[in-house]
Amino acid sequence: MKVQSVLKKSIFLVTAFLTFNFGVKAQDYYVYVTAESEDEVALIKFDGKNATVEETIPVGIWPAEIEGPHGINVSPDGKYWYLSLAHGNPYGTLYKYSTESNEVVDTVRLGLFPASLQVSKTTGLLYCVNFDLHGDMVPSTVSVVDPEEMIEIERIETGVMPHGSRISSDGLFHYSVGMMSGELFEISTTKLKVTRKLNLDGIAEEMPAMGGMDHSKMDHSKMGHTMMTESAPMYHSETKPTWAIPHPTNGKVYVAGNGSDEILEVDLEKWEITNRFKTGKAPYNCDVTPDGKYLVATYKGSGETGIWDLKKGKELPRIKNTRNVTHGVTISSDSKFAFISVEGIGGEPGTMDVIDIKNAKKVASVDMGKQAGGIIFWKME
Amino acid sequence: MKKFFIYVFVFILVFNVGILQAQDLNIKVSSETVTMKIGESKQLDAVVLDNAGNKIENREFIFFSRNSRALSVVDTTGLATAIKHGEYDVIVISPGDPQLRSNITVTVEPAPISKIEVQGIPENIYAGIPIPLELKVTDEAGFERPEKVIKLSSSDEDIISVAPFTKLIPKEKGTAKITATVDGVNETIEINVIENPIAEILLTSDMVEGRSGDVFTLTAMALDKAGNQVTDAPINYSFTGESFDVSAAPSGLITEEGKFVADQPGVYVINATSGPAAASITVQANNRNVSRKIDVVGQGSVNNKHTSDLWIWEGEDGKDYAVTGTWGADGTAYFWDVTDPAGIQLVDSVKVDARTVNDVKVSEDGKVAVISREGASNRKNGLVIIDVSNPRDAKIISEFSENLTGGVHNVFIYKNHVYALSAGRKYYSINIEDPKNPKIVGEFELDTPGHSIHDVWVHDGIAYSSNWTDGVQLVDVGNGIAGGTPSNPVQFASYAYPSGSNHAAFPYKDEKTGKFYVILGDEEFPYGLDPSGRKPSRAAGFLHIIDFTDLKNPKEVAWFQVPFAGSHNFWIEDDILYAAFYNGGVRVVDISGELLGDLNRQGREIAWIVPEDPDGYVANAPFTWGAQPHKGHIFYSDWNSGLWSAKLQPIVPDNAKIDNK
């Protein structure tokens, strides 16, 4: 009896000790953030209370030219991070870095102004939009790269200024938007072709030119502005979509309508817009928590971050970011924190804000290089 | 409790089996090596098998070639088409969990050799004068095959013998057949050797005494026994020499056209030969003696951010001013009073929404400045037009970003037009007669694959754009040489060189020789980045001197190089080149007269000055951006320390020994 009692007490104590230790062990979160006007990438650690720049990695090869690190992502196995340097001569470059050493492993040249990118866990291939931000208003492409060999194996034409791409959780479909043609594109990651596209401005698709839209039927006076000097007015999407994020489980894709100040919910089965969430000014990037409960969107125009409870379809209280020009968002794998890159203006430093999602509260902030932009969560330790 | 253990056991079993199943799948290609002929298509196949060798259904495959220009592969079907001979890898991926990869090695067989072309045979072949043959081997697929070894033979070795490196040695009068053979394919030409008529060579030089760097123009005339000129006699030039300085080897350059330049002062013997006939003359190259002392006069320090370009001008009030840009900072341009170069004063600044003001220019009348903008927070970069009629109160007149949102790296103002680069792709001509309402009137863009542009400079109605691999483009924007205007730019000449590093260009006409040169500058950074960003950087690249006197046949004739430093922006005035060489500071170079060869080795460098500032943004780290002469002083901007002025001291008498530092 006595032995049993001692044994029970011992088990209780050991259990309590283990539980206590496990419970209080702080989690460290690691995030990579690009500084587009500094040509560097910051590796930032958030320990649950404070965010600190662990390492600053200079990128590019031209000391006297800004090469513009833009899109960034981590391989599914966490061993590598990939970076698009947007400003080239004229083509941009994809860099592969080791997460262990933060040193360059290999590079490959892509198209004009390569931007957001991601590796599909199913194909192992990397898909990177060629944003062609400052080029002519013609359809651009998504580059498909074998990250092992670092060779570009395909370019898939999509819309005008393709941007904001993410891959479905099963790795089978790549979603991106044509910022100026106002379209959502679905690419099969295994068939390497566009499987569906959806005009987000509600315009019927007809002509192959200009991303497949019939401009002759458009009322241009209601659609933004002209850009060319002498030629016919160019179409600028009213919605101006800038990001697409597929939900991990509910069969929806959420699109940031940067021009229409809304998040569009697109049902993948119906392939139509099924809901619209009115947001703050100029939503730019968005991400969904891995548990699927919340969508976090950056409001570039108002320097705020919005959190949406997707079940209720309601926005939590908005969070003012540390600086103006809120840019990117990435969410921790435990769905607790959103990491927000904030560009700043002119000589201001860039900033990464950490937001407690459930409580809709900024809990930490750290300055980094100028024009913080591309951002990706790496790991928890 | 018992149930619990059963559950755990079953779970572990299922989990492990799942893993084992996943790990045991493998991809198998139908053949790991495939051989194809050019033009042939072949289906490549792969299957996924389990550990029992059973085929797994519904697996997809992605095929791709590591060299799609030589072996194209349809990525979703694996249909391969051979384009060029060689050995290539095709990678096969089967997406899924687990994701599987394999390789197929495809050998594309070369096509048989179809022909051998023999070129470079002169009309008259004289005994005793070797002939270098130009041979080209082509296969049936149309590919050149330079790797093939060509066997040459002569039907009569007494008349023509074959020498190494595809040279023929005509020995005596007569006819012989020369046969080139590759893989059983022959090409035979008949060559008629005539008696060498050349009995004498008369060699003269336009001068017998000059200086190092001066070009001696040689004239060699071949005469026959009767004293008649043999106009097609091939002349070979060579030289030997003896340097005045026993520690320096005599060196120089002699061209096949008969131009000689000495690097080292000394006595040189010039030889002209044509077969057995030869002649020589002796010339002397004296010390060029152009070195001058240079002194720092003043500095307008900028040590809290990087400084970019500069422009110096005389203001409407008769005083002298400078504007400098800033780089990777807060979008500021600084205005300076430089009337007293020893007391440079900051008089105003303008801050715009940008991170980099890379370029600054001022109109000919000194009233309007244009600054370029990169890194604007709204990504609409473009340019900013500033009223500088009173530089002490510089005021923004307008901002202009139409078609320039990608960032304007460089600009130039010429006759009420701004020439502005757009996103490194092209340049626009923008009318600023009404500076409040700039208006695009024209544009210039190349149509070459992957074209890009770095700079544009306008002089006398000609825009000189530097286009990296496409080299310099000469475009008429009002000169009239090609009927161009600002709204209708017309390209009429160009020159590109292999390194593809063309970053800047500046035209120069030498009035004495009538030569028209365009000097092209490289920008190269082969030594990589300083990881901290706070240590001195080092550049490479040099200046290429292109003789554009014949616009249709530009020729690279000379170069100026500074060891372990790299060229950036430069200026020419009164036969003197002022070149910023980043970590090498400012180099002042005598470019008078005809230019040929290595200008630095010829002692043409007049002076150099390196801006070192212990209080600089990076301490003691010269990184000079540009230089501009103005009213007897040299002004230069430095990446780490701001604006500087220097004074070149007067020329000292010949043969006087001076220390230029």
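1. Some words on the overall build of chain A
Here is step 1 of the chain: Within chain A, the secondary structure is distributed over two helices and 29 strands.
Here is step 2 of the chain: Per-residue burial for chain A yields a buried fraction of 54% across its 381 residues.

2. A short note on the overall build of chain B
Here is step 1 of the chain: If you tally the helices and strands in chain B, you get one helix and 55 strands.
Here is step 2 of the chain: Against the globule reference of 26 Å for 661 residues, chain B gives a C-alpha radius of gyration of 33 Å, more extended than a compact globule.
Here is step 3 of the chain: Counting only C-alpha atoms and orienting by the principal axes, one finds that chain B spans roughly 105 × 85 × 55 Å.
Here is step 4 of the chain: Split into buried and exposed, the 661 residues of chain B put 43% on the buried side.

3. Notes on the domain arrangement of chain B
All names here are of chain B.
Here is step 1 of the chain: Annotation of chain B at the domain level lists domain 1 (2-109), domain 2 (113-194), domain 3 (200-286) and domain 4 (294-648).
Here is step 2 of the chain: Each of domain 3 and domain 4 has a C-alpha centre, and these two points are 40 Å apart.
Here is step 3 of the chain: Those elements that place two or more of their residues in the side of domain 3 that touches domain 4 are strand S23 (252-254) and strand S24 (259-262).
Here is step 4 of the chain: Per-class residue counts for the side of domain 3 that touches domain 4 are three nonpolar, four polar and three charged.

4. Digging into the sheet that holds strand S40 (residues 455-459) of chain B
Two pairing modes exist for strands in a sheet, parallel and antiparallel, and in both the strands are linked by backbone hydrogen bonds.
All names here are of chain B.
Here is step 1 of the chain: Taken in spatial order, the four strands line up as S40-S41-S42-S43 in an open sheet, and their pairing is antiparallel. Strands with a single pairing partner mark the edges of an open sheet, and in this sheet they are S40 and strand S43 (490-495). Adjacent strand axes in the sheet meet at a mean angle of 20° when their direction is disregarded.

5. A closer look at the confidence of the model for chain B
Residues and elements named next belong to chain B.
Here is step 1 of the chain: Predicted confidence across chain B gives a mean pLDDT of 93, with 94% of residues reaching 70 or more.
Here is step 2 of the chain: Within the model, the stretch residues 6-22 combines pLDDT values under 50 with two contacts to residues more than four positions away or in other chains.
Here is step 3 of the chain: On the interface metric, ipTM, the complex scores 0.86, and its pTM is 0.88.

6. A short note on the interface of chain B and chain A
Here is step 1 of the chain: With 37 residues of chain B in contact, the opposing surface of chain A contributes 31 residues.
Here is step 2 of the chain: For the side of chain B that touches chain A, the secondary-structure elements that each account for two or more residues are strand S5 (62-65) and strand S8 (86-94) of chain B.
Here is step 3 of the chain: In terms of residue class, the side of chain B that touches chain A is made up of 13 nonpolar, 16 polar and eight charged.

7. Observations concerning the environment of B:Ser537
Here is step 1 of the chain: By the element assignment, B:Ser537 lies in the loop between strand S45 (516-522) and strand S46 (543-547).
Here is step 2 of the chain: Residues B:Ser537 and B:Gly514, 23 residues apart in the sequence, show an inter-C-alpha distance of 39 Å.

8. Quick look at the sheet that holds strand S6 (residues 91-98) of chain A
All names here are of chain A.
Here is step 1 of the chain: Pairing is antiparallel across the open sheet formed by four strands, whose spatial order is S4-S5-S6-S7. Taken across any chain shown, the strands that pair with only one partner, and hence form the sheet edges, are strand S4 (69-74) and strand S7 (104-112). Across the sheet, the mean angle separating the axes of adjacent strands is 20° when strand polarity is ignored.
Here is step 2 of the chain: As paired strands, S4 and strand S5 (residues 80-85) are joined by four bridges and run antiparallel to one another. From the neighbouring strand, Pro69 faces S5, where its bridge partner is Leu85.

9. With respect to the confidence of the model for chain A
All names here are of chain A.
Here is step 1 of the chain: Taken over all residues, the pLDDT of chain A has a mean of 89, while the share at 70 or more is 86%.
Here is step 2 of the chain: In the predicted structure, residues 17-23 sits below a pLDDT of 50 and forms zero contacts with residues beyond four places in sequence or in another chain.
Here is step 3 of the chain: Low pLDDT, under 50, characterises residues 207-232; the stretch is placed with 38 contacts to residues that sit more than four places away or in other chains.

10. Topic: the nonpolar core
Here is step 1 of the chain: Core analysis: the biggest nonpolar cluster contains 133 residues, and B:Ala322, B:Val323, B:Leu383, B:Tyr419, B:Ala420 and B:Phe570 have the highest contact counts within it.
Here is step 2 of the chain: Per-element tally for this core: the top contributor is strand S21 (residues 215-223) of chain B, with five residues.
Here is step 3 of the chain: Two domains share this core, each providing at least three of its residues, namely domain 3 (200-286) and domain 4 (294-648) of chain B.
Here is step 4 of the chain: When residues no more than four places from it in sequence are discounted, the contact partners of B:Leu383 are B:Val370, B:Ile371, B:Ser372, B:Arg373, B:Phe400, B:Leu404, B:Val408, B:Val411, B:Val418 and B:Ala420.
Here is step 5 of the chain: Core analysis: the next-biggest nonpolar cluster, separate from the first, contains 120 residues, A:Tyr82, A:Val129, A:Leu264 and A:Ile340 among them.

11. Re the pairing of strand S44 (residues 502-509) of chain B
Residues and elements named next belong to chain B.
Here is step 1 of the chain: In this sheet, S45 lies alongside S44 in antiparallel orientation, the contact comprising seven bridges. Each residue of the ladder has a partner; that of Lys509, found in S45, is Phe516.
Here is step 2 of the chain: Here S44 hands over to S45 after six residues, with Gly514 in that stretch at a positive phi of 75°.

12. Considerations on the environment of A:Met180
All names here are of chain A.
Here is step 1 of the chain: The residue Met180 is located in the loop between strand S13 (173-178) and strand S14 (183-188) in this model.
Here is step 2 of the chain: Sequence separation between Met180 and His163 is 17 residues, and the spatial gap between their C-alpha atoms is 9.8 Å.
Here is step 3 of the chain: When neighbours within four sequence positions are excluded, Met180 is seen to be in contact with Met137, Val160, Met161, His236 and Ser237.

13. A closer look at the pairing of strand S25 (residues 266-274) of chain B
Residues and elements named next belong to chain B.
Here is step 1 of the chain: Only one face of S25 is covered, namely the one carrying Gly266, Tyr268, Ile270, Ala272 and Ser274; the face carrying Val267, Val269, Asn271 and Thr273 has none of its residues buried.
Here is step 2 of the chain: Taken together, the nine bridges between S25 and strand S26 (residues 277-286) define a ladder with antiparallel strand orientation. When the bridges of S26 are listed, Ile270 appears paired with Ile281.
Here is step 3 of the chain: Between the antiparallel neighbours S25 and S26 lie two residues, among them Gly275 with a positive phi of about 65°.

14. A word on unusual backbone geometry
Here is step 1 of the chain: Looking along the chain, the bond that leaves B:Asp97 and enters B:Pro98 is cis, with omega of 5°.
Here is step 2 of the chain: Turning to its location among the elements, B:Pro98 is positioned in the loop between S8 and strand S9 (100-109).
Here is step 3 of the chain: Even without being a glycine, A:Gln371 presents a positive backbone phi close to 60°.
Here is step 4 of the chain: With respect to the secondary-structure elements, A:Gln371 resides in the loop between strand S28 (361-368) and strand S29 (372-380).
Here is step 5 of the chain: The phi angle at B:Tyr582 is positive, at roughly 40°, despite the residue not being glycine.
Here is step 6 of the chain: Locating B:Tyr582 in the fold gives a position in the loop between strand S49 (576-580) and strand S50 (586-590).

15. Some thoughts on the environment of A:Pro139
Here is step 1 of the chain: Along the polypeptide, A:Pro139 turns up in strand S10 (residues 139-146).
Here is step 2 of the chain: For A:Pro139, a count of 20 C-beta atoms within 10 Å puts it in the buried group.

Cut-offs used in this document
Residues numbered from 1 in each chain as written. Chains lettered and ligands numbered in written order. Predicted model: local features only at pLDDT ≥ 70, side-chain atom pairs only at ≥ 80, totals over all residues. Helix = DSSP H or I, 4+ residues; strand = E, 2+ residues; numbered from the N terminus. Buried ≥ 20, exposed ≤ 12 C-beta atoms within 10 Å, placed from the backbone. Rg over C-alpha atoms; globule rule 2.2 N^0.38 Å. Domains from an automatic or database assignment. Nonpolar A, V, L, I, M, F, W, Y, C, P; charged D, E, K, R; others polar. Pairing = 2+ DSSP bridges. Axes fitted to C-alpha atoms, helices over the stretch in contact; angles between N-to-C directions. pLDDT = per-residue confidence, 0-100. Contact = placed C-beta atoms within 7 Å. Core = buried A, V, L, I, M, F, W, Y, C linked by C-beta atoms within 7 Å.

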